[in-house]
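Each chain, letter by letter, is given below.
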Amino acid sequence: MTKKEEEMKPLEARLDEALEESFPASDSARVTSGVQNAVEEVCMHYKYQVRTELRPKGLSGISESQITQHWSLYEGYVKNVNLFNGKLAALSEKGDFGVEFAELKRHLGFEYDGMILHEHYFGILKAGEMPLGENAKLTKLLKKSFGGYGKWLEEFYVMGKMRGVGWVILYYDPRAQVLTNHWIGLHEGGHPSGFVPILVMDVWEHAYMVDAGVAGRPAYIDAFLKNVDWPKVEQVLGFATQESQWQEIGK
Ligand SMILES: [Fe+2]
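Residues numbered from 1 in each chain as written. Predicted model: local features only at pLDDT ≥ 70, side-chain atom pairs only at ≥ 80, totals over all residues.

Observations concerning the sheet that holds strand β1 (residues 167-173)
As a reminder of what qualifies: Each pair of strands is called paired provided DSSP finds at least two bridges between the two strands. A run of H or I in DSSP counts as a helix once it spans at least four residues, and a run of E counts as a strand once it spans at least two, with each numbered from the N terminus. Helix axes are fitted to C-alpha atoms over the stretch in contact, other axes to C-alpha atoms as well, and angles between N-to-C directions run from 0 to 180 degrees.
Strand order across the open sheet formed by three strands is β2-β1-β3, with antiparallel pairing between neighbours. Edge positions in the sheet fall to β2 (178-184) and β3 (196-202), since each of these pairs with one other strand and no more. The sheet shows a mean angle of 20° between the axes of neighbouring strands, taken without regard to direction. By the bridge criterion, seven bridges tie β1 to β2 in an arrangement that is antiparallel. In the strand pairing of β2, V168 is matched with W183.

Examining unusual backbone geometry
The phi angle at Q177 is positive, at roughly 55°, despite the residue not being glycine. Within the element layout of this structure, Q177 appears in the loop between β1 and β2.

So, the packing of helix α4 (residues 64-94) against helix α5 (residues 99-123)
A packed helix pair is summarised by two numbers, namely the angle formed by the two axes and the spacing between the axes. Heads up, the rule is: Oblique is the label for any angle not under 35 degrees, not over 145, and not in the 65 to 115 range, which are roughly parallel, roughly antiparallel and roughly perpendicular in turn. The handedness criterion is simple: a crossing whose near helix is rotated anticlockwise from the far helix by less than a right angle is left-handed, and one whose near helix is rotated clockwise is right-handed. Whether two residues are in contact depends on their C-beta atoms, placed from the backbone: they are in contact if these lie within 7 Å.
Where α4 meets α5, the closest approach of the two axes is 8 Å, and the angle between their N-to-C directions is 150°. Comparing the axis directions of α4 and α5 gives the class roughly antiparallel. Of the two possible hands of crossing, α4 and α5 adopt the one that is left-handed. Packed against α4, whose contacting residues are Y74, Y77, V78, N80, V81, F84, K87, L88 and L91, the element α5 presents E100, F101, L104, K105, L108, E111, Y112, G114, M115, H118 and F122 at the interface.

Some details on helix α6 (residues 137-146)
Applied cut-off: Three classes are used. A residue is buried when 20 or more other C-beta atoms lie within 10 Å of its own, exposed when 12 or fewer do, and partly exposed in between, with C-beta atoms placed from the backbone. When we speak of the arc, we mean the arc of directions from the helix axis to the C-beta atoms.
Buried within α6 are the following residues: L138, L142 and F146. Taken down its axis, α6 places every buried residue within 40° of arc, on the same side. Away from its buried face, by an angle of more than 90 degrees, α6 presents the exposed residues K140 and K144.

Re the packing of α6 against helix α7 (residues 149-160)
Quick reminder of the rule: As a working rule, the residues Ala, Val, Leu, Ile, Met, Phe, Trp, Tyr, Cys and Pro are called nonpolar, Asp, Glu, Lys and Arg charged, and the rest polar, with Gly in that last group.
Where α6 meets α7, the closest approach of the two axes is 8 Å, and the angle between their N-to-C directions is 70°. In terms of their interaxial angle, α6 and α7 are classed as roughly perpendicular. Once α6 is placed against α7, the crossing between them reads as left-handed. Residue-level contacts link T139, L142 and F146 of α6 to Y149, K151, W152 and E155 of α7. Across the contact of α6 with α7, the residue classes tally to four nonpolar, one polar and two charged.

Here's the deal with the pairing of β1
The buried fraction of β1 amounts to six of the seven residues, a majority that puts the element mostly inside the structure. Where β1 folds back on β2, the antiparallel hairpin that results is connected by four residues, among which Q177 adopts a positive phi of roughly 55°.

With respect to the nonpolar core
Quick reminder of the rule: The term nonpolar core means buried Ala, Val, Leu, Ile, Met, Phe, Trp, Tyr and Cys residues held together as one set by C-beta atoms within 7 Å. Where each domain starts and ends comes from a domain assignment, either automatic or drawn from a database.
In this structure, W167, I198 and M201 are the most contacted members of the largest nonpolar core, which totals 45 residues. If you list the elements that add at least two residues to this core, you get α4, α5, α6, β1, β2, β3, α9 (217-226) and α10 (230-243). In terms of residues, this core owes the most to one element, α4, which gives 11 residues. Shared between two domains, this core holds at least three residues of each, these being domain 1 (7-123) and domain 2 (137-243).

A closer look at the pairing of β3
Counting buried residues in β3 gives six out of seven residues, a clear majority hidden from the surface. Direction of pairing for β1 relative to β3: antiparallel, over a ladder of six bridges. Bridge pairing in β3 links Y172 to V196.

With respect to the environment of S60
Here S60 lies in the loop between α3 (33-42) and α4. Considered as a pair, S60 and A127 are 67 residues apart in the sequence and their alpha carbons are 6.6 Å apart. Leaving out residues up to four positions away in the same chain, S60 has contacts with A127, A223, K226 and N227.

As structure tokens, then:
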């Protein structure tokens, strides 16, 4: 079908085709021009872009091939967030709040968190040793929260090797002003509300299968930790502690 013929199809049909293309969620991004235009016609929300500036290069122990394949999954989540928002906007415009609307809304968090968590993950990986300084705010907060960097790392590492696929995330708790490690299974499940992700490690198998196979998670975690840009993580903590304004819910 030519580009012209594709654009002549009804808007809803193009959006439906785009959603069919977008499953399973692990598909890489394949956005035809007609579909892209359809999304732009109806998307009343912010249209998300792939954040190419976050893509890491030249990592130690994580190959370019591994990053390329993983990055394509991230692009798929960005595509799906825009598609879902476009479809939901079209249904809302028609006043059609039936089963399709409900199911898209129920699934939306998976797509959003798939996009956002991958941006956190890729954004703190950088080639070269970028150590955490002794006087860093993060170093002091790890001591307050866990007893020190070593104790935090022990827990974070063990959590990374837990059975199942998911994420291990170091969060800043703005209420208690401490850091805590959390296991997140599916992208959208288990996040402590209002906490700010400081360090995000992807332990879905797709994050290391290319380099290390199914049994390669420990080697991958070692490689991940070698490539953490700690000054960047310190910067993220700085933003979190400045911007988080926890207020007790009360009278
Ligand atoms: Fe991933």
